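Read off the chains here:
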Amino acid sequence: MSDSRLNVFVAGHRGMVGSAIARALAARGDVNVVCRTHAELDLTDQQQVRAFFASEPVDMVYMAAGRVGGIHANNTYRAEFIQQNLAMATNVIHESHQAGVRKMLYLGSSCVYPKLAPQPIVESALLTGELESTNSPYALAKIAGIMLCQSYNIQYGTDYRCLMPSNLYGPGDNYHPENSHVIPALLRRFHEARESGTPEIAIWGTGTPRREFLHVDDLAQACLQVMDVDRELYDACAGSGGTHLNAGSGYDVTIGELAHMVANAVGYRGEITFDPSKPDGTPRKLLDNSAITSLGWRPRIGLAEGLQSTYRDIVRDGIIG
């Protein structure tokens, strides 16, 4: 008996987002999940990507691959962030089209929106103002990916959809001491401070910027939901001419509040201070998620609960000592 299941390529399956999508797809049981490691397939190499699609039957793509990092990494490795993310987006989108792949979900980031966009940020705010300078190379690469999907849809009739998530956390995150995002960075710092008995921790910036956080498993369910709906319904809900949808929790907290929530999850009882000489980044980034919730998706994991479960997992798995 032939296998009638769709072959779904998850690009970036070892990353936080890609691994969550691969888990969610595998749990459904109605698709064959196709994955390649970086050693097996370098997505920045067009010839390798072309050869992959020529040799592997793929019906659908989840484009979750990319070079990612926090403020320090984005601001330090600006050339790598724009070049590598541009190359991956161009190669995967173009070679998918060349191979006849009609359906794709491209994952971006809330940093594609202007630094001072009105809050909560609606999809139509894209390209209406100046980007946050510390991560503008990465943001521009992600905007280019959105425009690529839109352009192929208009010119060739493909069904390439885009989802812009808020700040993410959860299983598979990066806990590098310098290049991680804010939640894994804080989890590591508070854990190490608790273990060493450090009486005080200073957090970058003033602590006043507000951020929205979404558990990556909630995002994975949003991805599947967006890909399952009819094209007409997706186009009706997506902003900016049907280019993309936001995916967020719907509420935000200050970095100061977040620091205290992480300290509580870890069990750190020392003093928390702030260093205003360090950059704050964007003052606020809260996404309007009314479009995607109209499709029936709702986040299920609250921030306090998610922080506690994430900390338990990384201690259990020995990710932080």
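Caption draft 1: Fine view of the pattern of salt bridges. Using the criterion set out here, one finds 15 salt bridges in the structure. Of the charged contacts in the structure, one is a salt bridge between Lys-115 and Glu-132, with a shortest N-O distance of 3.5 Å. A residue pair is termed long-range when its members are at least 10 positions apart, and Lys-115 in the loop between β4 (103–107) and α5 (136–156) and Glu-132 in the loop between β4 and α5 qualify at 17 residues. Among the residues examined, Lys-115 registers a relative accessible area of 31% and is labelled partly exposed. Judged by relative accessible area, Glu-132 falls into the buried class, the value being 6%. For Glu-192, the salt bridge identified is with Arg-188, shortest N-O distance 2.9 Å. Of this pair, Glu-192 and Arg-188 both sit in helix α6 (residues 182–196), 4 residues apart, which is roughly one turn of that helix. The structure contains a network of salt bridges with shared partners spanning Asp-159, Arg-161, Arg-231 and Asp-235.

Caption draft 2: Fine view of the packing of aromatic side chains. Here the structure, examined in full by the defined rule, presents 6 aromatic pairs. Ring plane angle 40° and centroid distance 5.6 Å describe the contact between Tyr-152 and Tyr-156, whose orientation is recorded as tilted. Placement of the pair is Tyr-152 and Tyr-156 together in helix α5, with a separation of 4 residues, close to one helical turn. On the basis of relative accessibility, which here comes to 12%, the residue Tyr-152 falls in the buried class. For Tyr-156, a relative accessible area of 41% corresponds to the partly exposed category. Taking 5.3 Å as the distance between ring centres and 45° as the angle between the ring planes, the aromatic pair formed by Phe-190 and Tyr-268 counts as tilted. With a gap of 78 residues between them, Phe-190 in helix α6 and Tyr-268 in the loop between α9 (255–266) and β11 (271–275) connect regions that are remote in the sequence.

Caption draft 3: A look at α5. In this model, α5 (21 residues) spans 29 Å end to end at C-alpha, consistent with the 30 Å of a helix rising 1.5 Å per residue. Buried within α5 we find Ser-136, Pro-137, Tyr-138, Ala-139, Ala-141, Lys-142, Ile-143, Gly-145, Ile-146, Cys-149, Tyr-152 and Asn-153. Where α5 is buried, its residues contact α3 (71–76), α4 (78–98), β4, β5 (159–165) and α8 (231–237). Of the residues flanking the end of α5, it is Gly-157, one or two places downstream, whose phi is positive at about 75°.

Caption draft 4: Inspection of the nonpolar core at higher detail. In terms of nonpolar packing, the biggest core is built from 39 residues, with Phe-9, Val-61 and Met-63 touching the most fellow members. Examining the composition of this core, we find that 6 residues originate from one element, α5, more than from any other. What Met-63 contacts, discounting residues up to four positions off in sequence, is Ala-11, Met-88, Ala-89, Val-92, Met-104, Leu-105, Tyr-106 and Leu-107. Val-17, Leu-25, Val-31 and Val-216 belong to the second-largest nonpolar core, a separate cluster that totals 35 residues.

Caption draft 5: Spatial organisation of the pairing of β5. β5 sits mainly inside the fold: 7 of its 7 residues count as buried. Residues Asp-159, Arg-161, Leu-163 and Pro-165 of β5 are buried on one face, and the alternating residues Tyr-160, Cys-162 and Met-164, pointing to the opposite face, are buried as well. Relative to β5, β4 runs parallel, the two being bridged by 5 bridges. By the bridge assignment, Tyr-106 is partnered in β5 with Cys-162. With 3 bridges joining them, β5 and strand β9 (residues 245–247) adopt parallel strand pairing. Within β9, the residue paired with Pro-165 across the bridge is Ala-247.

Caption draft 6: Here's a closer look at the packing of α6 against α9. In the contact formed by α6 and α9, the axes pass within 9 Å of each other and the chain directions differ by 50°. Considering the angle they form, α6 stands oblique to α9. In this structure, α6 crosses over α9, and the sense of that crossing is right-handed. Contacts from Val-182, Ile-183, Leu-186, Leu-187, Phe-190, His-191 and Arg-194 in α6 reach Ile-255, Leu-258, Ala-259, Val-262, Ala-263 and Val-266 in α9. Looking at the contact of α6 with α9 residue by residue, the class counts come to 11 nonpolar, 1 polar and 1 charged.

Caption draft 7: Expanded view of the sheet that holds β9. Sheet architecture is open: 6 strands sit in the order β2-β1-β3-β4-β5-β9, paired in parallel fashion. Looking at strand neighbours, the two that pair on one side only are β2 (31–34) and β9, the edges of this open sheet. Taking the axes of each pair of neighbouring strands and ignoring which way they run, one obtains an average angle of 20° across the sheet. Sheet analysis places strand β1 (residues 6–11) next to β2, joined by 4 bridges and oriented parallel. Residue Leu-6 lies in a different strand from β2, and its bridge partner there is Val-31.

The rules behind each value
- As a convention, each chain's residues are numbered from 1 in the sequence order in which they are written.
- In view of the model being predicted, local features appear only for residues whose pLDDT reaches at least 70, and side-chain atom pairs are presented and counted only at 80 or more, with totals across whole chains, interfaces and linings using the full set of residues.
- The basis for every side-chain value is the complete set of heavy atoms in the structure, and neither hydrogens nor water enter the calculation.
- The working definition used for a salt bridge is a side-chain nitrogen of Lys or Arg within 4 Å of a carboxyl oxygen of Asp or Glu.
- Under the DSSP-based scheme used, a helix requires at least four consecutive residues in state H or I and a strand at least two consecutive residues in state E, with every element numbered from the N terminus.
- We call a residue buried when its accessible area falls under 20% of the maximum for its residue type, exposed when it is over 50%, and partly exposed in between, using a 1.4 Å probe and counting protein chains only.
- The rule is short: rings of Phe, Tyr and Trp, with Trp giving its six-membered ring, pair when the centres are within 6.5 Å, and they are stacked under 30 degrees, edge-to-face over 60, tilted in between.
- Each helix should span, by expectation, one fewer than its residue count multiplied by 1.5 Å.
- Note on contacts: a residue pair is in contact if any heavy atoms of the two residues lie within 4.5 Å.
- Remark: nonpolar core denotes a set of buried residues (Ala, Val, Leu, Ile, Met, Phe, Trp, Tyr, Cys) joined through side-chain atoms within 4.5 Å.
- Think of it this way: DSSP has to see at least two bridges between two strands before they count as a pair.
- Angular values range over 0 to 180 degrees, each being the angle between N-to-C directions of two axes fitted as lines to C-alpha atoms, with helices fitted over their stretch in contact.
- When describing relative orientation, an angle under 35 degrees is termed roughly parallel and one over 145 degrees roughly antiparallel, while 65 to 115 degrees is termed roughly perpendicular and anything else oblique.
- In this scheme the handedness of a crossing depends on how the near helix is turned from the far one: anticlockwise by less than a right angle means left-handed, clockwise means right-handed.
- Residue classes follow a fixed rule: Ala, Val, Leu, Ile, Met, Phe, Trp, Tyr, Cys and Pro count as nonpolar, while Asp, Glu, Lys and Arg count as charged, and any other residue, Gly among them, counts as polar.

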